[in-house]
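Residue-level structure breakdown
Each chain is listed here by its residues.
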Amino acid sequence: MLQLFERFFEKTLWSGRFVVVVAVVASMAAATAIFYMATVDVVYLVGHMLHYADPSLTADARKAVHDETITHVVEVVDGYLLATFMLIFALGMYELFVSDIDEARGSKTSSKILVIESLDDLKARLAKVILMILIVTLFEEALKMHLDTTLDLLYLGGGIALVGLALYLTHKSESHGKEAEEAPPH
């Protein structure tokens, strides 16, 4: 009797992992919504850029349109990166908790970008996207920043140095991981 209860409990517990499907579906819906919003922003951006060639614009007005357009492009890139984050999260959670995505494993185009082998693999991929989002956000804020004092310039330089350090450390950790995989066992 106890073994029967234990088997039933373990089967129920193991089947509980399918609750992750709710997060997968919601994440895919969020990714789709963000992709849609970013694409609509691109359509409006193109319409906005058409005014850039207007000969009646003064140099100051053209500069304002230029600056607005660059800021808008950065915001669009940020949106697409966030949507990509949600997509990778959804696919990774599905692969880790529900089932392998056979279509991705058999595809040459996936090139192992969306194939998640472990929770650490998912974390590493998401961390790279988060780092890219932070870089784009820093760039966006730097475009809006008014450098009135030397301290402002120092803050900007410090932020850029930290981004460089983060990229360097990310690259080093990838290189170290590949060396460990390729090294023959002792």
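Reading guide: rules and limits
Residues numbered from 1 in each chain as written. Predicted model: local features only at pLDDT ≥ 70, side-chain atom pairs only at ≥ 80, totals over all residues. Heavy atoms only, no water. Helix = DSSP H or I, 4+ residues; strand = E, 2+ residues; numbered from the N terminus. Buried < 20%, exposed > 50% of the residue type's maximum accessible area, 1.4 Å probe, protein only. Contact = heavy atoms within 4.5 Å. UniProt positions renumbered as here; feature names shortened; annotations may be inferred. Expected span 1.5 Å × (residues − 1). Salt bridge = Lys/Arg side-chain N within 4 Å of Asp/Glu carboxyl O. Axes fitted to C-alpha atoms, helices over the stretch in contact; angles between N-to-C directions. Parallel < 35°, antiparallel > 145°, perpendicular 65-115°, else oblique. Left-handed = near helix turned anticlockwise from the far one by under 90°. Nonpolar A, V, L, I, M, F, W, Y, C, P; charged D, E, K, R; others polar. Patch = residues over 30% accessible without salt bridge, like charges linked within 9 Å, V, L, I, M, F, W, Y side chains within 5 Å. Areas by Shrake-Rupley, 256 points an atom, 1.4 Å probe, with all protein chains shown as cover. Phe/Tyr/Trp six-rings, centres within 6.5 Å; stacked < 30°, edge-to-face > 60°.

A separate point is the overall build of the chain. Check the secondary structure of the chain and you find six helices and zero strands. In the chain, the succession of helices and strands from N to C terminus is α-α-α-α-α-α. Residues classed as buried in the chain amount to 23% of the 186 residues present. By sequence separation, contacts in the chain at least 24 residues apart represent 64% of the contacts at least 6 residues apart.

To continue, consider the side chain of Thr 71. Relative to the assigned elements, Thr 71 resides in helix H3 (residues 59–97). Sequence-distant contacts of Thr 71, that is, excluding residues within four places in its chain, are made with Glu 140, Leu 143 and Lys 144.

With that settled, consider the UniProt feature "transmembrane region" (unreviewed entry) in the chain. Mapped onto this numbering, the UniProt entry gives "transmembrane region" (unreviewed entry) at residues 12–38, 79–98 and 153–170. For the annotated span residues 153–170, helix accounts for 100% and strand for 0% of the residues, and the straight-line distance between the end C-alpha atoms is 26 Å.

On to helix H5 (residues 119–144). Along its 26 residues, H5 runs 37 Å from first to last C-alpha, staying within 8% of the 38 Å computed at 1.5 Å per residue. All buried positions along H5 are accounted for by Asp 121, Leu 122, Leu 126, Val 129, Leu 131, Ile 133, Ile 135, Val 136 and Glu 140.

With the rule as written, the count across this model stands at two salt bridges. Measuring nitrogen to oxygen at the nearest pair gives 3.0 Å for the salt bridge that ties Lys 63 to Asp 67. Placement of both Lys 63 and Asp 67 in helix H3 is noted, with a separation of four residues, approximately one turn of the helix. Taking the relative accessible area as the measure of exposure, Asp 67 reaches 33% and is therefore partly exposed. With a closest N to O distance of 3.4 Å, Asp 120 and Lys 123 form a salt bridge. Within this pair, Asp 120 and its partner Lys 123 are both found in helix H5, separated by three residues, close to a single helical turn. Of the residues examined, Lys 123 reaches a relative accessible area of 52% and is grouped as exposed.

All right, on to the packing of helix H2 (residues 20–49) against H3 then. At a closest axis distance of 8 Å, the pairing of H2 and H3 adopts a crossing angle of 160°. By the criterion of interaxial angle, the relationship of H2 to H3 is roughly antiparallel. Crossing of H2 against H3: the hand is left-handed. Residue composition of the contact of H2 with H3, grouped by class: 24 nonpolar, seven polar and two charged.

Attention now goes to the packing of H3 against H5. At a closest axis distance of 10 Å, the pairing of H3 and H5 adopts a crossing angle of 170°. Here H3 lies roughly antiparallel to H5, going by the angle between them. A class-by-class count of the residues in the contact of H3 with H5 yields 20 nonpolar, three polar and five charged.

A word on a nonpolar patch on the surface. Residues Met 145, Leu 147, Leu 151, Leu 153, Leu 154 and Tyr 155 make up a contiguous nonpolar surface patch of roughly 600 Å² in combined accessible area. Within the secondary structure, Tyr 155 sits in helix H6 (residues 150–182).

Here we take up the packing of aromatic side chains. Summed over all chains, the structure comprises two aromatic pairs. Ring plane angle 20° and centroid distance 6.3 Å describe the contact between Phe 5 and Phe 9, whose orientation is recorded as stacked. Pair noted here: Phe 5 and Phe 9 are both in helix H1 (residues 2–15), with a separation of four residues, about one helical turn. Both rings, one in Phe 35 and one in Tyr 80, keep their centres 5.9 Å apart while their planes meet at 40°; by these two values the pair is tilted. Residue Phe 35 is found in helix H2, and its partner Tyr 80 is found in helix H3; the two are separated by 45 residues along the sequence. In this structure Tyr 80 comes out as partly exposed when scored by relative accessible area, which is 26%.

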